[in-house]
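The chain contents come next:
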Amino acid sequence: ADGAAGGGFATADPYHAKRAEAAAGSGRRPTLLTGLEEKIRVAEDGYRRRQRLYEYAHILRPVLYVTGCIVFGGRSWKPWLLSLALDLYSIRNSRGKTVDEQVELSSRKSELFMYIFRSPVADILAMNILPKFKRFGFLAILLEAFTSWYFFTSSS
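Every chain is numbered independently, its residues counted from 1 as its sequence is written. Only residues with pLDDT of at least 70 are given local features in this predicted model, and only at 80 or more are side-chain atom pairs given and counted; all residues enter the totals for whole chains, interfaces and linings. Computation of side-chain values: all heavy atoms of the structure, hydrogens and water removed.

A. Spatial organisation of the overall build of the protein chain. In terms of regular secondary structure, the protein chain is built from 6 helices and 0 strands. Secondary structure follows DSSP: runs of H or I at least 4 residues long count as helices, runs of E at least 2 residues long count as strands, and numbering of each begins at the N terminus. In sequence order, the protein chain lays out its α and β elements as α-α-α-α-α-α. Using a 1.4 Å probe on the protein chains alone, a residue whose accessible area is under 20% of its type maximum counts as buried, one over 50% counts as exposed, and one in between counts as partly exposed. Sorting the 156 residues of the protein chain into buried and exposed places 26% on the buried side. Residues are treated as being in contact if the distance between any of their heavy atoms lies within 4.5 Å. Residue pairs in contact within the protein chain that sit at least 24 positions apart in sequence constitute 46% of those at least 6 positions apart. To measure how exposed things are, a 1.4 Å probe is used in the Shrake-Rupley method; for residues, cover is taken only from the protein chains shown. Surface accessibility of the protein chain: about 11000 Å² in total, with carbon and sulfur atoms responsible for 66%.

See below:
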């Protein structure tokens with residue numbers, strides 16, 4: 001009457017009841033391995049959910065950056081900091097299980113260097129560097145065009 005007829009486990013303990021139900025549904029007797037398999041499945045589901053969250057952060061980063069540039073202005077630090085924070089959050093917490101995932105993570109880490117070429121950091125660098133190239137005429141014009149156009153439109 002206490003659950004012993006259904007496989008020997010008392011159903012008062014929800015953990016053992018769940019194991020007994022899972023084992024009964026599969027047609028096999030509950031074992032220690034049954035509980036371990038369930039814990040592994042739950043842990044992997046949590047891992048996948050977290051990985052998906054980190055991917056969403058990476059995917060939304062450019063959208064939030066452009067939105068921030070529209071709202072706060074292209075020379076504001078807020079979109080830059082938000083974008084950097086999302087990248088760091090995504091990279092810091094992502095774990096590459098496959099070779100492709102590890103290559104992608106490595107690529108994302110190397111792209112962090114490109115943050116110094118985005119406005120407003122690039123503007124500060126350009127204000128300090130461009131005046132030194134004024135005497136080179138055409139080179140100064142190219143450098144100014146390069147810093148104002150390329151890094152604004154680049155995928156970094």
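B. Seen up close, the pattern of salt bridges. The term salt bridge refers to a pairing of a side-chain nitrogen on Lys or Arg with a carboxyl oxygen on Asp or Glu at a separation within 4 Å. Taken as a whole, this structure holds 5 salt bridges when the rule is applied. Residues Arg 61 and Asp 87 are paired through a salt bridge, measuring 3.1 Å at the closest nitrogen-oxygen approach. Taken together, the residues Arg 61 in helix 2 (residues 32–72) and Asp 87 in helix 3 (residues 77–93) connect sequence positions 26 residues apart. The same class applies to Arg 61 and to Asp 87, which are both buried. Here Glu 104 makes a salt bridge to Arg 108, at a shortest N to O gap of 3.0 Å. Linking Glu 104 with Arg 108, this pair stays in helix 4 (residues 99–111), spanning 4 residues, or about one helical turn. The class for Glu 104 is partly exposed, based on a relative accessible area of 37%. Exposure remark for Arg 108: the relative accessible area of 7% places this residue in the buried category.

C. Spatial organisation of a nonpolar patch on the surface. A patch is a set of surface residues, each over 30% in relative accessible area and not in a salt bridge, joined within 9 Å for like charges and within 5 Å for the nonpolar side chains Val, Leu, Ile, Met, Phe, Trp and Tyr. A cluster of nonpolar residues, Tyr 56, Ile 59, Leu 60, Val 63, Leu 64 and Leu 82, forms a patch on the protein surface that exposes about 540 Å² of accessible area. Considering each element in turn, the nonpolar patch owes the most residues, 5 residues, to helix 2. Checked against the element boundaries, Leu 64 lands in helix 2.

D. How the structure looks around the side chain of His 58. Turning to its location among the elements, His 58 is positioned in helix 2. Polar side-chain contacts of His 58 include one of 3.3 Å to the side chain of Arg 108. Contacts of His 58, omitting those with residues within four sequence positions, involve Asp 87, Ser 90, Glu 104 and Arg 108. Polar contacts, as used here, are pairs of N or O atoms within 3.5 Å; protein pairs need one atom able to donate a hydrogen and one able to accept it. Residues neighboring in sequence count only if both atoms are side-chain atoms.

E. The arrangement of helix 5 (residues 121–133) in detail. To estimate how far a helix should extend, the number of its residues minus one is multiplied by 1.5 Å. With 13 residues, helix 5 ought to run about 18 Å at 1.5 Å a step, and its terminal C-alpha atoms sit 19 Å apart, in line with that. Within helix 5, burial applies to Val 121, Ala 122, Ala 126 and Leu 130.

F. Just the packing of aromatic side chains, in detail. Stacked, edge-to-face and tilted labels apply to pairs of Phe, Tyr and Trp rings (six-membered ring for Trp) whose centres lie within 6.5 Å, assigned for plane angles under 30 degrees, over 60, and everything in between, in that order. Enumeration according to the criterion identifies 2 aromatic pairs in this entry. Considering the side-chain rings of Trp 77 and Trp 80, the 5.3 Å spacing of their centres and the 85° angle between planes classify their relative orientation as edge-to-face. Here Trp 80 and Trp 77 lie together in helix 3, a separation of 3 residues that amounts to about one turn.

As far as function goes, none of this settles anything; it's purely spatial.
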